[in-house]
Each structure stands twice: as C-alpha cells, then as structure tokens.
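Summary of structural features
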Amino acid sequence: GGAWLLGVSLRLPTMAWLRCCSRRQAPLPLEKDTAFWEEAPLSKAGAVEEDERTDPSLGHEQAAHLKDDGNEKFARGDTAEAMDLWSHALDALCMPPDVSEADSAPCTRPPAEDERVRELRLTLLSNMSLGHKKLKQWRHAVSYCDEVLLEQPANVKALYRKADCLGELCAWREAEEAAARLEAAGEEGAKLAQQKRDEWKRRLKAADGKQKKMWSTAISESNSAEPVKSNTRKSLETLPKNTAERWDAPRVHQMSVFDLRRKGIEWIEGEDFDDAVWRDGLGFRDATYYQKRALPLTFLAAAALANVDLQPDLVIHCLLDGNIAPFAEPHDWSMVLQRCPSLRTFTVVYIDIGAVGDGAPPPMPYGQLLRPTEEGRVGDRVARAARFLGTYREFKEHCQELPGLVDPQLALWADVPLYGFGDNDLATRVEAYELLAATMVPSVVTQGGEIPGRGGPPMVPRVSEQASSSMAILSEGLGAATMADWHWNRFVVPLDRGSQGILAAHALLGVLRPAAKRNSPAQVRSVKDALTRHGVVLAPYKLPELANLSNDEEADGLRKRQWEAFCEKMRAAGRPVGMEADEQERQRQSMEFYQFCGISEPPPVI
C-alpha cells in the first residue's frame, strides 16, 4: 500500500539533477554503531561507549547534573530554561525494564541504586510542579503534584502546591479535598492547610467586596454613558491604523511521557518510551524503523496531549507535500490499533497537495482516489490507507459521494511548511485549512526541526524559520486556537546532521482547532495582511543547510568516505555501482545517496 509514496516524483526547481528521481526513500544505515550520515569510527572506543550507554548509573549521574544546573537557572530567575533541564533530567533516568527482559533476567541493580533513582525522580517532579506554579500554569503544576502523590501520598510539599494551584483555578471543591489530605499528613500539614484556608477566605471576601464596588460604579455611571462613548470614540480615532502587537513564536514544551498517559491509549511503554531508541538511537539505528513508526506514534501523542476521544471507526486525512515530504516508507498504522483497543476500523487518507510541475507525469493519476488498501490488522480490526494527488478541494469534490472517507475526525499535516515555495502553495494550504475549518475539524500539525544528538554538543532544540512562519500563519493568519501546546516531539525521524544536532522530521508537534466559524473564508491576501501587521515576514521554503556540505577538504574527505560506504552497501545488496549501472539505476542511487548523507549534488561516478 505504500508504493505510491515511493514513486511520486520530486519537483524541486533548484535541484535539476533530481528531476527524474523518485521521492525520498529511507536512508541506508551503516551496520555499525555510527550515525547513518557519517563513516563508522575505527577507534577501539566503540565497545567502551556501548558499555557506558548500558550502565544505569550514568543515567542517574547525568540526571543529577542536569537537576543541579536547573536549580541554578531557577535561582537566577530563568524558570523556563530550568524546566527544560529538569525535563531532560527526567528523560535521562533509566526507564523500567521491558517485561520480557524482566522475565528473562533478574534486575542486577542494588536496592540502594533503585532508591536513589526514585528519590531523584520525585525531586525532579516536585521541581517541575514548582516551575509550572511560578509560570502560573496551574493545571500542569497539579499534574506533576499528582505524579509525586502516586508514590508518596502524604508528601506535604506536593499536597500544599496542589491545593494552592487548585485554589488559583477556583476549583474549590478539589482544593478543599487536597487541603483535607494535607491536614491529615501531620502537624506541619495541618498548619499549612489552615493557612491556605484562611487565605482563601480573605480572597473570597475581597472578591465579593470588589464585585459590589464594580456594580455600584456601573450603576452610578449609567447616566453618563453617552459622554463616555464619545470620549472612547475620540481616543480610538487617535490610534494609528493597521497596528498590532508583534508576533513572537510560542514557547515549545518538552514532551514528557507523563503527559502522554491518557485513558483510552495503552502505550507499549517498553517500546514507545524507550530512550535507547527514541533519543540515543537517532541516527544509529536503521532509519526504516523510525520511518514506519514515528508518524503513527506522533498521531497518538497528539491525541493524548489534546485529550481527544478517538471515534471507534476513525478516519484521518494526512496532508503532505510530495515535493518536501520527509517520509517514503509506508507507515505501520497497525500500531494505532494495538494501542487503542476501542478502535474498530482506522482509515488514513494521504492527500498530496504539493504543486505538480511541468516535467515527467506523476506515477499516479492526478485528481483520482486510489483504492484503499489494508495497511495493518489486529485480529478482526483493520487499518486501511487511501491516496489522492491533488488539492484538498479537488479531493472533496471527487469523493463527495464517499462520506466514510471525506469526513475526517482529525487532519494530520505531516511536516507541511504552510508558506511552501510561495503564494501559490500558501493558497492551496489556506484553502485546505478553511475547508477543514468549515466542519470544525481539528488539525494535528508537525514540523521539522533540529534536536540534540547523542554524543553531540549540548544544545537547546531550535524552531526553524519555516516552522516559525507556519506557526504564525496558523495563529495570526488563520486564527487557529490551541488544543494542545506546541511540544518537542519524542517520536521523530532522523534525516541528517545539522549545524549542532540532528535534523529530524516531525520534531515539532501541535494540535489546533478553528476558533470559530467565520462569515467568509480566509484568503491569501488577508492572511498576509494579518502577518504584516504582526511583523511576520514570509520566505520561500529552502532545503535545510547541513553541516557537512561545506567545500573544505575535510568535508570532501568525509563525502568520499560516505560514498565508499554507500557503494559497499550497494554491492552487498547485489546492485551495480557507478558506470556498471544503467541511467535509471544511477538516478535511483543518486536519490538514495542524497538521503544517506544529505549532500546537494550527484555522487561521484566511479
């Protein structure tokens, strides 16, 4: 069912040598402990490095170091940076062993080590609750308090913060329940609970007095309402026109496995939350592993973060741009069935809304829906996928008599830069979003980004210019409301090495919904005007600049070694290389080598 994704032509005008090549395929990794874009190191340190990665004490040591760094940041008032460090520290701690591993071999970690890890984890969770409380993110703070209370039900600090945050949310019934638990936790807890109740009484009394004063003022001024309107009109006339507050990219949160645990989704935690795969394995493990799994797990993460109740017969529309799409392998959608036992059927409709050039015709009919194919099965529950090449309006018109396919519960924008290569691409994207908004369909949006890599320099994940533009188009140009904050996604596909870390597909994840039905749909002009008022400048999409593309001798040497490693891989697979291959095979290998190491020109001919 995934053959179509392997065959649609690339249509990049700035890359003439790729005109006849197929769409990106998964990179071919080296069979060594090295990133797929670099030559395997020949030093003897490899075995030691492997041993170090499996030493659980190193995870505790790294987490403790990150915790201390976060404490220093917090003491200086850098709360957001401190929370990022604490979140990384939580990720650094050892995951619980897989069930199969636990059955086959008993845990060799000393009890004292388990207690150290547990204490550090609880400290980090407590710190995260404090950070969210300081940022006035009350509900998030309560969630982290609950994580602490699962293991320590009488933790005074967690109970006090939970009661305090629930009071800020005016959730008085829940707040009083937390205060009652705090009171029962001992003498100190009883004192704190009484202090909190006294504070709530003062606040409620002050609020009542303020409300009475507000109504008195409103009644006394009712007779002078007309002059007030006049003065207001005059002051508004003096304001400059077409001005708005400058737009800043929203804060991107670090995704935590605690945020993903939701009713209705049964994660396979030994696989899905394994940092050896989804953090340390990026670039070192077979890339096809991530190609198949990342997008289905990303979809489930979005549903968990946004608290979406998935329908038993679920239909989603996966919008992509075939000129830019970072995946080629078919996705394993049976993973969704495995983790959502309430689903009876699951259907994904891939809709390629990318522009079609004047070159070679696409390998599938334009404007026609390919028949749905089975993509996975769990018992009698089936996942299917259908494919369509054309604009979203053309898809809706073509499939109007197929309500089972044309009406999705969710739309999944898979790494689609909303401005694309220019205004024509923007128009296609805006039209698609407005058609989805007409029926209030929420959108799961992913964007590429640069994330830290194992063994690389420390770095904070960065939002690219293209992703920032997409965020601005959604929030300011299209008025989309947030269902789940933007997060750095843990389920990514490593594409290549960036300037500091790893360039990854699906690195950013957000869930948005139409704010309200409008009288008229947004147009390109109105979107661009809104962005201009907020100081957002749009730029055409560019392929990311990679660190190993410089023209120095070191880069040339690295490229040659990469090509030699790639040729070894081809010969091992029984495929001809260089002049021994015909033109079609050389074009295919050009694309594969492009993915293998990220270069922007054809490989040398041997």
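What comes next is a walk through the structure. Remember, predicted model here, so these are calculated numbers, not experimental data. Going along each chain's sequence as written, the residues are numbered from 1 onward. With pLDDT at 70 or above as the cut-off, local features in this predicted model cover only qualifying residues; side-chain atom pairs require 80 or more to be listed or tallied, and sums for whole chains, interfaces and linings still use all residues. Side-chain measures were taken over the full set of non-hydrogen atoms in the model, leaving aside hydrogen atoms and water.

Right, let's talk about the packing of aromatic side chains for a bit. A pair of aromatic rings is counted whenever rings of Phe, Tyr or Trp (Trp by its six-membered ring) have centres within 6.5 Å, and the orientation is called stacked for planes under 30 degrees apart, edge-to-face for over 60 and tilted otherwise. Under the counting rule described, the total for this entry stands at 13 aromatic pairs. With a centroid separation of 5.4 Å and 40° between ring planes, the pair formed by Trp 267 and Phe 273 is classed as tilted. Taking the relative accessible area as the measure of exposure, Trp 267 reaches 10% and is therefore buried. The exposure class of Phe 273 is buried, given its relative accessible area of 0%. The buried label applies to any residue whose accessible area, calculated with a 1.4 Å probe on protein chains only, is under 20% of its type's maximum; exposed applies above 50%, and partly exposed to all values in between.

By definition, any uninterrupted DSSP run of H or I lasting at least four residues is a helix, any uninterrupted run of E lasting at least two residues is a strand, and each is numbered from the N terminus. Among the nine residues in strand β7 (residues 443–451), eight count as buried, and that is most of the element. Where strand β6 (residues 410–414) and β7 come together, four bridges link them in parallel fashion. In the strand pairing of β7, Ala 411 is matched with Ser 443. If the strands point away from the viewer and the path from the first strand over the helix to the second runs clockwise, then the crossover is right-handed. The parallel pair β6 and β7 is bridged by helix α19 (residues 423–438), and the resulting crossover is right-handed. Sheet topology note: the β7/strand β10 (residues 502–514) ladder contains eight bridges and is antiparallel. Counted as the bridge partner of Val 445 is Gly 510 from β10. Think of it this way: DSSP has to see at least two bridges between two strands before they count as a pair.

Okay, the pattern of salt bridges next. When a carboxyl oxygen of Asp or Glu lies within 4 Å of a side-chain nitrogen of Lys or Arg, that pair is called a salt bridge. A full pass over the atoms with the stated rule returns 28 salt bridges. Across the pair Glu 151 and Arg 118 runs a salt bridge, and its minimum N-O distance is 3.2 Å. Linking Glu 151 in helix α7 (residues 138–151) with Arg 118 in helix α6 (residues 111–134), this pair joins segments that are 33 residues apart in sequence. Taking relative accessible area as the criterion, Glu 151 reaches 32% and is therefore assigned partly exposed. Asp 164 is paired through a salt bridge with Lys 196; the nearest N and O atoms lie 3.0 Å apart.

Okay, the side chain of Arg 381 next. Assignment of secondary structure puts Arg 381 in strand β5 (residues 381–389). For the buried Arg 381, no salt bridge is present, and the opposite-charge side chain at shortest range is Asp 380, 5.2 Å distant. Side-chain atoms alone can form a polar contact between residues adjacent in sequence; in general such a contact is a pair of N or O atoms within 3.5 Å, and within protein one must be able to donate a hydrogen while the other accepts it. Polar contacts involving the side chain of Arg 381 include one to the main-chain carbonyl oxygen of Leu 337, which spans 3.0 Å. Engagement of the side chain of Arg 381 in a polar contact is seen with the backbone oxygen of Cys 340, the distance being 3.2 Å. For Arg 381, the residues in contact, after removing those within four places along its chain, are Leu 337, Cys 340, Pro 341, Leu 343, Arg 344 and Gly 376. Residues scored as charged are limited to Lys and Arg (positive) and Asp and Glu (negative), so that His and the chain ends carry no count. Contacts were defined at the residue level, with two residues in contact if any of their heavy atoms lie within 4.5 Å.

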